[in-house]
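# Tertiary structure, described
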Amino acid sequence: MSKPKALLLGDINFVPKFWESLSSIAELVRPAARSRAEFIEECKAGKLDGVVAAYRTFNSVDVTGRFDEEFVSCFPESWKFVCHNGAGYDQVDIDACTQHNICVFNVPTAVDDATADTAMFLILGALRGFNTSMLACREGKWRGHPPPPLGHDPQGKTLGVLGMGGIGRNMKKKAEMFGMSTIHHNRKPLSEELAGGAKYVSFEELLEQSDVLSLNLPLNANTRHIISTKEFEKMKKGVVIVNTARGAVIDEDALVKALDSGLVWSVGLDVYEEEPKIHHVLIANSHVMLLPHMETWTIETGIKMEEWNIGNVRAVLEKGKLNSIVPEQADMA
Ligand SMILES: NC(=O)c1ccc[n+]([C@@H]2O[C@H](COP(=O)([O-])OP(=O)(O)OC[C@H]3O[C@@H](n4cnc5c(N)ncnc54)[C@H](O)[C@@H]3O)[C@@H](O)[C@H]2O)c1
């Protein structure tokens with residue numbers, strides 16, 4: 001009997017031998033396609049028949065585009081599992097996959113430390129207003145002329161976490177070490193153990209009470225632009241906003257206006273609405289902290305993520321076992 005096929009979309013950067021070790025239980029294949037149209041053709045021509053599971057990376061979207069209804073409906077009958085190498089899986093239309101009986105896995109947990117570390121870096125940098133002087137000193141202007149306004153200490157400030165999942169909870173622990181207290185809002189309240197003492201508040205209260213608001217929820221139809229003009233108007237004047245989730249959970253135009261009016265004192269961003277494009281006003285504002293989507297950009301986290309995701313492929317091929325299925329498909333597990 002021929003082996004099932006495992007399809008690789010994107011690259012394995014850290015643990016290629018771990019991927020190759022799957023060859024004892026599967027035929028490892030890559031698409032010939034260099035574009036979405038070519039990929040769909042390849043599927044229709046039956047060249048990917050026998051694929052049971054696919055390992056996909058964030059950057060593979062450059063070839064395939066989003067996994068939406070049009071795309072998923074071209075998959076061969078055999079294709080039952082999509083293993084996405086990341087925590088955020090907004091490039092995959094979960095409803096379309098569910099309709100076609102395809103299970104989607106992501107990589108939670110492995111990303112928690114690196115993402116929360118990045119969020120703390122952005123919080124400190126935005127509160128202290130470090131960026132202007134970091135740029136000035138490289139231009140031989142010491143702190144800048146005139147020097148930047150004095151910054152703010154994290155101690156005694158309230159961190160508001162919107163979306164208290166793995167990353168939010170990790171951030172809470174780190175923020176405590178800097179003397180911050182945490183409040184949070186989630187789709188549903190967490191158990192006392194998971195909340196770890198972070199007070200649960202309503203969405204409105206979170207907006208009203210946070211000194212630093214951190215976005216840590218997934219991007220989907222319900223959360224797109226969850227923070228826009230109306231929400232900024234409810235916040236404390238001088239709030240700091242940090243976004244390490246996905247750019248489009250914030251309405252970027254509204255953010256720029258809130259910064260401009262002084263309602264928002266500073267921001268720390270790793271993600272943007274139209275990556276790799278960054279709003280020109282944010283680029284021009286030296287006060288804000290901007291990173292080009294680098295949260296999990298470390299060797300250690302890269303290894304952990306790839307090992308986890310290859311483990312997902314192995315689990316489904318060997319046992320049909322579901323390791324980390326996305327929450328929307330919990331009842332398919
Ligand atoms: N920039 C990066 O490189 C990077 C890296 C890792 C994760 N992320 C992003 O961070 C997000 C969070 O990751 P995680 O691992 O903590 O996910 P998670 O699933 O553990 O936590 C997300 C939390 O958000 C909550 N939530 C969902 N919808 C909500 C809503 N409408 N209102 C309030 N809360 C809501 C969920 O209940 C859950 O508790 C991911 O979805 C991903 O997009 C980005």
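Every value quoted in this text rests on a predicted model; they were computed, and no experiment measured them.

Scoring rules and cut-offs
Residues numbered from 1 in each chain as written. Predicted model: local features only at pLDDT ≥ 70, side-chain atom pairs only at ≥ 80, totals over all residues. Helix = DSSP H or I, 4+ residues; strand = E, 2+ residues; numbered from the N terminus. Rg over C-alpha atoms; globule rule 2.2 N^0.38 Å. Buried ≥ 20, exposed ≤ 12 C-beta atoms within 10 Å, placed from the backbone. Contact = placed C-beta atoms within 7 Å. Domains from an automatic or database assignment. Nonpolar A, V, L, I, M, F, W, Y, C, P; charged D, E, K, R; others polar. Near = placed C-beta within 6 Å. Core = buried A, V, L, I, M, F, W, Y, C linked by C-beta atoms within 7 Å.

When its secondary structure is counted, the protein shows 14 helices and 12 strands. The C-alpha radius of gyration computed for the protein amounts to 22 Å, which stays within 12% of the reference 20 Å derived for 333 residues, consistent with globular compactness. Seen through its principal axes, the protein has C-alpha atoms that stretch 70 × 50 × 35 Å. Going through the 333 residues of the protein one by one, you find that 39% of them count as buried. Within the protein, contacts between residues at least 6 apart in sequence are counted, and of these 70% link residues at least 24 apart.

Note that the residue after His145, namely Pro146, is joined by a cis bond; omega there is -5 degrees. Within the secondary structure, Pro146 is located in the loop between α7 (130-138) and β6 (158-162). Omega for the bond connecting Glu275 with Pro276 falls within 30 degrees of zero, at 10 degrees, which places this linkage in the cis form. Mapped onto the elements of the fold, Pro276 is located in the loop between β11 (264-269) and α13 (280-284). Its identity as a non-glycine residue notwithstanding, Thr109 has a phi of 65 degrees, on the positive side. Position of Thr109 relative to the elements: it lies in the loop between β5 (103-105) and α6 (112-128). On the basis of neighbour count, Thr109 is assigned to the partly exposed category, with 16 C-beta atoms found within 10 Å. Of note in this structure, Trp142 is not a glycine but carries a positive phi near 45 degrees. Along the chain, Trp142 turns up in the loop between α7 and β6.

This part covers the domain arrangement of the protein. Split by domain assignment, the protein resolves into domain 1 (5-110 + 300-332) and domain 2 (112-290). With centres defined by C-alpha atoms, the gap from domain 1 to domain 2 works out at 32 Å. With five residues of domain 1 at the interface, the matching set in domain 2 holds seven residues. Residues that form the side of domain 1 that touches domain 2 fall into these classes: one nonpolar, three polar and one charged.

Turning next to the site of the ligand. In the vicinity of the ligand, 29 residues are found, and the nearest of them are Gly88, Gly163, Gly165, Ile167 and Pro218. The element best represented in the shell around the ligand is helix α8 (residues 166-177), accounting for three residues. Across the shell around the ligand, the residue classes tally to 11 nonpolar, 14 polar and four charged. Taken domain by domain, the shell around the ligand gets at least three of its residues from each of domain 1 (5-110 + 300-332) and domain 2 (112-290).

This next bit is on the nonpolar core. Membership of the largest hydrophobic core comes to 45 residues, with the highest contact counts inside it found for Ala126, Val240, Val264 and Val267. Where this core is concerned, the elements lending two or more residues are α6, β6, α8, α10 (203-209), β9 (212-215), β10 (239-243), α12 (252-260) and β11. Counting residues per element, this core draws most heavily on α6, at seven residues. Residue contacts for Val264: discarding those within four places in its chain leaves Phe232, Val239, Ile241, Leu255, Ala258 and Leu259. Counting residues in hydrophobic clusters, the runner-up holds 32 residues, among them Leu7, Leu22, Ala53 and Val72.

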